[in-house]
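Here is how the chains run, residue by residue.
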Amino acid sequence: MFREPWEARAFAMVLVLHERGVFSWQEWASALAKQITAAQQSGDADLGDTYYRHWLDTLETLLGEKGASCATELARYQTAWDHAAERTPHGQAIELQPADFI
């Protein structure tokens, strides 16, 4: 079902946020369909290899629309994640540390 570990994590985040009431399934389904349609209109061949990229893009969009996060905060965490990944040996779990945010 998942080709990469990050895909499973993105899937799990959506489930948890839905369970916590951040968005309804109808909101999620509508936003994901809109994202996929826009990608197809922009040339995505829809071969299945970009599905979870759309999933993640949809999640980021909904978090912003709901006020649960913003682009600046998401970028801050992405940069911290990149720092943590660089220092983590292959095969080990990546863990964020305060220094990753500097």
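Described below are features of the structure shown in this document. It should be emphasised that the depicted structure is a prediction, and the values quoted were computed from it without experimental measurement. (Residues numbered from 1 in each chain as written. Predicted model: local features only at pLDDT ≥ 70, side-chain atom pairs only at ≥ 80, totals over all residues. Heavy atoms only, no water.)

### A word on the nonpolar core
Consideration 1: Formed by 13 residues in total, the largest nonpolar core has its most connected members in Val-14, Leu-17, Phe-23, Trp-28, Leu-32, Trp-55 and Leu-59.
Consideration 2: Apart from the residues lying within four places of it in its own chain, the contact partners of Leu-32 are Tyr-51, His-54, Trp-55 and Thr-58. (Core = buried A, V, L, I, M, F, W, Y, C linked by side-chain atoms within 4.5 Å. Buried < 20%, exposed > 50% of the residue type's maximum accessible area, 1.4 Å probe, protein only. Contact = heavy atoms within 4.5 Å.)

### Examining helix α2 (residues 25–41)
Consideration 1: Its 17 residues place the ends of α2 24 Å apart at the C-alpha level, agreeing with the 24 Å of an ideal helix rising 1.5 Å per residue.
Consideration 2: Along α2, the residues classified as buried are Trp-28, Leu-32, Ile-36 and Ala-39. All buried residues of α2 lie within an arc of 60 degrees about the axis, which places them on one face of the element. Those residues of α2 that are exposed and aimed more than 90 degrees away from the buried face are Gln-26, Lys-34 and Gln-41.
Consideration 3: In the core, the buried residues of α2 are packed alongside α1 (5–19) and α3 (51–65).
Consideration 4: Looking one or two residues past α2, Gly-43 carries a phi angle of roughly 110 degrees, positive in sign. (Helix = DSSP H or I, 4+ residues; strand = E, 2+ residues; numbered from the N terminus. Expected span 1.5 Å × (residues − 1). Arc of directions from axis to C-beta.)

These values are about where atoms sit, not about what they do.
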